[in-house]
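# Descriptive analysis of the structure
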Amino acid sequence: MTRNPLVRSILEASSKESLTAGRLTLSILVFALSVAGLALPAAPVRAVDPVAQEGAEPTGKASREAELELRRKMMAHPEQAEVYVELADLQVSRGATDEAVSTLVGAVNRFTGSGEPKKAVLLMTKAADLKPDDPELQFLLGKAHTQNRDFEAAEPPLRRALELGSDDPSVLVFLGAVLWESGRMAEAEPVYRQAIEATGRAYMPLSQLGRLLLWQGQYEEATTLLREATQRNPRDVGTLFDLGEALRGSNQIDEAIGAYRRVLAVAPNFKRARYGLAMMLARQGDREGSQAEFEIYNRLILEAEESNRLAEIETGEVDRAGLMIREGQVEEAIAHLEGLEETVEVLLARAQAYRAAGSLDAALESLQRAVTLDPSRQDVRQMLAGIRMEKAQAQ
């Protein structure tokens, strides 16, 4: 089980609550780092826009045509990591190393957002190899390994970023998280303390060290740090929940109840906060209130189990359709997918099936509905752009 909540927030950004100390969605994590003066570094160079750059002038007609063709493939097949590698190699061959790095980093962001961390690691490794003395690229490589759950591989590039003179304290925060996740909590603690000093006691390292001490049962100092962190960022329910846990551990019942209630006012389905409140009300002697909270907690558990069961069924059905497509049973796959409830994943699978059948209009319609359901899905938007390009070329 993942120990560190910062790591969990990256690995499981869709989850809205913590198993031990409160999960942040990735968007909340980025916001929290920016509030604390710990903004994640932008790509060292601007990500490539395949459409906007079609008019660029690579050296030589053959090179230009090859590059335009690769950009078209990127739009049509954004899921194929090798296309980005081919384009980067072509850019390097004409001396455009910065542009190649930009291509790769832009693709890393795409694969990270669509839950394909292994592809992100592959591309980020190549980008870092092109500019091995760039501390931002080393940091991004360490982050990509973290997203791939390879914490042993994440540590060296993070330390390399520090050796290269990175003054971004978020490198320290991620290094502390990797050490914690590797079970090396004694090494993680001084790294977090260094980050706190480097940022003038910013929210993120305060909350991370507070969580680490909470995990170790050092409730008194954990309470102090987490209280300060919640003052700096009162909107982070994960850190507020951790404060409740620390107060509970030190038997400060009334304050713990207050912290749990503040969490539930924002996130009423936060199961562990509901459980903690029920326990503290029982300890306070409020049996009726405790029983009511336990009933809500048990209902939430059953609802979560049913939701997980349905998600597993959907994944299996989508995988089954993918197998049909690979075996040439495209019409059968379409019929199968049309019988499923319309979710983003089902609509994406339908679009792939329609595309395999040559029905680009139907594929476009499915993708447009998927974008309506989840406008943040960049992989869906990129596939939509690719099919639009295919349709235009066919006309």
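Below is a summary of the structure that appears in this document.

The rules we used
Residues numbered from 1 in each chain as written. Predicted model: local features only at pLDDT ≥ 70, side-chain atom pairs only at ≥ 80, totals over all residues. Heavy atoms only, no water. Helix = DSSP H or I, 4+ residues; strand = E, 2+ residues; numbered from the N terminus. Contact = heavy atoms within 4.5 Å. Buried < 20%, exposed > 50% of the residue type's maximum accessible area, 1.4 Å probe, protein only. Phe/Tyr/Trp six-rings, centres within 6.5 Å; stacked < 30°, edge-to-face > 60°. Axes fitted to C-alpha atoms, helices over the stretch in contact; angles between N-to-C directions. Parallel < 35°, antiparallel > 145°, perpendicular 65-115°, else oblique. Left-handed = near helix turned anticlockwise from the far one by under 90°. Expected span 1.5 Å × (residues − 1). Nonpolar A, V, L, I, M, F, W, Y, C, P; charged D, E, K, R; others polar.

### Let's talk about the environment of Phe111
Mapped onto the secondary structure, Phe111 falls in helix H5 (residues 97-113). Separated by 31 residues in sequence, Phe111 and Gln80 place their C-alpha atoms 9.8 Å apart. Apart from residues lying up to four places away in sequence, Phe111 is in contact with Pro78, Glu79, Gln80, Ala81, Tyr84, Glu116, Lys119, Ala120 and Leu123.

### Some words on the environment of Leu360
Mapped onto the elements of the fold, Leu360 is located in helix H19 (residues 360-373). Sequence separation between Leu360 and Glu390 is 30 residues; the distance between their C-alpha atoms is 8.2 Å. Those residues in contact with Leu360, other than ones at most four positions away along the chain, are Arg355, Ile387, Glu390 and Lys391.

### A few points about unusual backbone geometry
Backbone geometry places Arg149, a non-glycine residue, at a positive phi of 65°. Along the chain, Arg149 falls in the loop between helix H7 (135-147) and helix H8 (151-163). Unlike most non-glycine residues, Asn251 shows phi in positive territory, near 65°. As for its position among the elements, Asn251 is in the loop between helix H13 (237-249) and helix H14 (253-266). The class of Asn251 is partly exposed, set by a relative accessible area of 47%.

### Here's the deal with the packing of aromatic side chains
Under the defined criterion, the tally for this structure stands at 6 aromatic pairs. Judged by centre distance (5.4 Å) and plane angle (75°), the ring pair of Phe139 and Phe174 falls under edge-to-face. One end of the pair, Phe139, is in helix H7; the other, Phe174, is in helix H9 (residues 169-181), and 35 residues separate them in sequence. Looking at Phe139, the relative accessible area reads 1%, which means it is buried. One aromatic cluster in this structure is built from Phe241, Tyr260 and Phe270.

### Let's talk about the packing of H13 against H14
Taken N-terminus to C-terminus, the directions of H13 and H14 make an angle of 160°; their axes are 8 Å apart at the nearest point. Our classification of the angle between H13 and H14 gives roughly antiparallel. When the axes of H13 and H14 are compared, the crossing they make is left-handed. Between H13 and H14, the residues in contact are Val237, Leu240, Phe241, Gly244, Glu245, Leu247 and Arg248 and Glu255, Ala256, Ala259, Tyr260, Arg262, Val263 and Val266, respectively.

### Brief notes about H8
One turn of an α-helix holds 3.6 residues; hence residues three or four places apart share an orientation. Taking 1.5 Å per residue as the helical rise, H8 with its 13 residues ought to reach 18 Å, and the 19 Å between its terminal C-alpha atoms agrees with that figure. Residues Phe151, Ala154, Glu155, Pro157, Leu158 and Ala161 constitute the buried set of H8. Just past H8, the residue Gly165 takes up positive phi, approximately 95°.

### So, the packing of H8 against H9
H9 packs onto H8 with a crossing angle of 150° between their chain directions and a minimal axis gap of 10 Å. By the angle between their axes, H8 is roughly antiparallel relative to H9. Regarding H8 and H9, the two cross each other, and that crossing is left-handed. Side by side, H8 and H9 meet where Phe151, Ala154, Glu155, Leu158, Arg159, Ala161 and Leu162 of the first sit next to Val171, Leu172, Phe174, Leu175, Val178, Leu179 and Glu181 of the second. A per-class count over the contact of H8 with H9 returns 11 nonpolar, no polar and 3 charged.

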